[in-house]
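Reading the structure
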Amino acid sequence: MLSHHAGLVYVMVLVSAADGNMTDAELKTIGEIVEFLPVFSDYDPSLILKTTAACAELLDSDDGMNQALEFIKASVPLSLRETAYALACDVAASDGEGHAETRRLMEMLRHWLEIDRLIAAAIERGAIARFVRPLA
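Note that the structure is a prediction, hence the values are computed from the model and not measured.

It is worth spelling out unusual backbone geometry at this point. Phi is positive for D63, which is not a glycine, with a value near 60°. If you trace the backbone, D63 turns up in the loop between α3 (48-60) and α4 (64-75). Residue class for D63 comes out partly exposed when judged on its relative accessible area of 49%. Its identity as a non-glycine residue notwithstanding, E114 has a phi of 60°, on the positive side. Following the sequence through the fold, E114 ends up in the loop between α6 (100-112) and α7 (117-130).

With 14 residues, helix α5 (residues 81-94) extends 20 Å between its outermost C-alpha atoms, agreeing within 8% with the 20 Å of an ideal straight helix rising 1.5 Å per residue. A large share of α5 lies buried, amounting to 11 of its 14 residues. Considered for burial, the residues of α5 that qualify are R81, A84, Y85, L87, A88, C89, D90, V91, A92, A93 and S94. Against the buried residues of α5 lie α1 (4-17), α2 (24-36), α4, α6 and α7. Just downstream of α5 lies G96, where phi reads positive at about 75°.

Tallied over the full model, the rule gives two aromatic pairs. Relative to F71, the ring of Y10 has its centre 4.3 Å away and its plane inclined at 35°; by these criteria the two rings are tilted. One end of the pair, Y10, is in helix α1; the other, F71, is in helix α4, with 61 residues separating them in the sequence. On the basis of relative accessible area, Y10 is assigned to the buried category, the value being 8%. When its relative accessible area of 18% is taken as the criterion, F71 is described as buried. Between F40 and Y43, the aromatic rings sit 5.7 Å apart at their centres with planes inclined by 65°, giving edge-to-face as the arrangement. For the pair F40 and Y43, a shared accessibility class is recorded, and that class is buried.

Cut-offs used in this document
Residues numbered from 1 in each chain as written. Predicted model: local features only at pLDDT ≥ 70, side-chain atom pairs only at ≥ 80, totals over all residues. Heavy atoms only, no water. Helix = DSSP H or I, 4+ residues; strand = E, 2+ residues; numbered from the N terminus. Buried < 20%, exposed > 50% of the residue type's maximum accessible area, 1.4 Å probe, protein only. Expected span 1.5 Å × (residues − 1). Contact = heavy atoms within 4.5 Å. Phe/Tyr/Trp six-rings, centres within 6.5 Å; stacked < 30°, edge-to-face > 60°.

So yeah, pure geometry; function would need other evidence.
Next up, the structure:
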């Protein structure tokens with residue numbers, strides 16, 4: 001069964017797994033997003049582990065990335081596509097790393113979700129501003 005909640009969780013897991021390492025910072029961000037944002041107000045947070053595991057299993061299969069992207073596109077309605085991209089950006093920015101794999105995936109997501117380039121740039125800049133760390 002497709003749900004926008006599952007699609008949004010898949011987006012976040014996909015970004016977290018893009019570099020081959022789901023960091024504690026990324027997993028913490030995913031959990032906080034699910035607990036805090038209104039788009040998840042009617043989502044049972046106890047399902048997050050099951051949804052995350054299903055996404056990880058799909059990613060391990062042949063052509064898993066494309067299947068996950070198809071699932072995301074099918075389950076996330078047009079009205080939540082920018083939200084999905086914003087969640088992806090938050091997870092990508094949360095560990096403070098800028099891996100090339102993650103950047104490539106973000107570009108793919110932008111195209112799959114049909115996010116305008118200028119809107120994507122604004123969303124990306126907002127995520128960077130939210131997750132900036134003070135200089136030592």
